[in-house]
Amino acid sequence: MSERPRLTVLSGPSGVGKSTVVAHMRKEHPEVWLSVSATTRKPRPGEKHGVHYFFVTDEEMDKLIANGELLEWAEFAGNRYGTPRRAVLDRLESGELVLLEIDLQGARLVRESMPEAQLVFLAPPSWEELVRRLTGRGTEAPEVIERRLAAAKIELAAEAEFDTTLVNTSVEDVARELLALMRVV
Ligand code: ADP
Ligand code: 5GP
């Protein structure tokens, strides 16, 4: 790819380290614009409305979907998540670098509607390490962890659909590799 990709999608199983990598990357490169999704999930401790997510009710999500306000949306492990369309299109129009951190279903939908998007898969060094990270994060109940691990098996099997795979062994290394893929450095 010779041109700078304007839209990059980062996906990968829950607990692999997507949020950690993106936060690390944006500390030094805040010019990479990260889309803030809407979700029906309840906030984790420390998560802020409008920063990590727009936390919405089921009814509000129904409206966002019905009004066509989401670029894509999906149900993941019992909650709905969606990307606000207007904000993404505005940023792309003004020439900014846009990053979406969304699940496999969302990545597939973006590929369909915006084939120029670059799809990046973040993989764990091993299955055992993924389980360790997801469990170690301590933010989900055991039954939710089970649902997320079931989804992870499906996501890992779809890795070949992505343009590039990065293995999250080191947060610093992966953040650097992602910046290079976005042609930021
Ligand atoms: P995701 O956003 O993909 O669900 P998180 O960013 O919340 O995942 O990371 C899950 C857990 O794994 C967190 O506790 C985080 O600190 C840890 N983690 C992330 N990247 C690494 C890494 N490279 N090595 C070790 N632990 C990591
Ligand atoms: P979490 O609840 O751990 O924050 O996110 C669960 C999953 O939902 C992750 O794979 C995350 O990337 C994905 N996700 C977050 N926002 C969106 C979105 O707007 N659309 C889709 N399809 N998935 C999302």
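Residues numbered from 1 in each chain as written. Chains lettered and ligands numbered in written order. Predicted model: local features only at pLDDT ≥ 70, side-chain atom pairs only at ≥ 80, totals over all residues. Heavy atoms only, no water.

As annotated in an unreviewed UniProt entry, the protein chain carries the name Guanylate kinase and is attributed to Streptomyces sp. NBC_00119. The Catalytic activity (unreviewed entry) comment attached to the protein chain in UniProt states, word for word, "GMP + ATP = GDP + ADP". Word for word, the UniProt comment on the protein chain under Subcellular location (unreviewed entry) is "Cytoplasm". (UniProt positions renumbered as here; feature names shortened; annotations may be inferred.)

A closer look at the layout of surface pockets
Here the largest pocket defines a volume of roughly 900 Å³. Along its surface, the largest pocket is lined by 37 residues, and Lys18, Ser19, Arg44, Tyr53 and Glu101 are the ones closest to its centre. At six residues, the largest contribution of residues to the lining of the largest pocket is made by helix 1 (residues 18-28). The residue makeup of the lining of the largest pocket, split by class, is 12 nonpolar, 12 polar and 13 charged. (1 Å grid on protein atoms, 1.4 Å probe; cavity = no way out; pocket = protein on both sides within 12 Å on 5 of 7 lines; lining within 4 Å. Points joined across faces, edges and corners; volume = space filled by probe spheres on them. Helix = DSSP H or I, 4+ residues; strand = E, 2+ residues; numbered from the N terminus. Nonpolar A, V, L, I, M, F, W, Y, C, P; charged D, E, K, R; others polar.)

Here we look at the side chain of asparagine 168
Note on placement: asparagine 168 falls in the loop between strand 9 (164-167) and helix 7 (171-181). Within the structure, asparagine 168 has its side chain in polar contact with the backbone oxygen of valine 16 (distance 2.7 Å). (Polar contact = N/O pair within 3.5 Å; in protein donor to acceptor, adjacent residues only side chain to side chain.)

Examining the site of ligand 1
Taken together, 13 residues lie around ligand 1, and Gly15, Lys18, Ser19, Thr20 and Arg137 are the ones closest in. A distance of 2.8 Å is found between an oxygen atom of ligand 1 and a side-chain nitrogen or oxygen belonging to serine 19. Calculation on ligand 1 without its partners gives an accessible area of 570 Å², and the protein chains cover 74% of this total. Of the pockets mapped on this structure, ligand 1 occupies the largest pocket. Of all the elements in the fold, those that place two or more residues in the shell around ligand 1 are helix 1 and helix 5 (127-137). Tallied by class, the residues present in the shell around ligand 1 amount to three nonpolar, seven polar and three charged. (Near = heavy atom within 4 Å. Areas by Shrake-Rupley, 256 points an atom, 1.4 Å probe, with all protein chains shown as cover. Sits in = over half its atoms within 2 Å of the grid points.)

Remarks on the site of ligand 2
Residues in close proximity to ligand 2 total 16 residues, the closest being Ser37, Arg41, Tyr53, Glu72 and Tyr81. One of the side-chain N or O atoms of arginine 148 is found 2.8 Å from an oxygen atom in ligand 2. With the chains in place, 96% of the 510 Å² that ligand 2 exposes on its own is no longer accessible. Mapped by element, the contributors of at least two residues to the shell around ligand 2 are strand 5 (70-76) and strand 6 (79-84).

Some points on the UniProt feature "binding site: ATP" (unreviewed entry) in the protein chain
The UniProt record annotates "binding site: ATP" (unreviewed entry) at Gly12, Pro13, Ser14, Gly15, Val16, Gly17, Lys18 and Ser19. Annotated residues from the preceding list that form part of the lining of the largest pocket: these are Gly12, Pro13, Ser14, Gly15, Val16, Gly17, Lys18 and Ser19. Its place among the elements puts glycine 17 in the loop between strand 1 (7-11) and helix 1. Excluding residues that lie within four positions of it along the chain, glycine 17 makes contacts with Leu122 and Asn168. (Contact = heavy atoms within 4.5 Å.)

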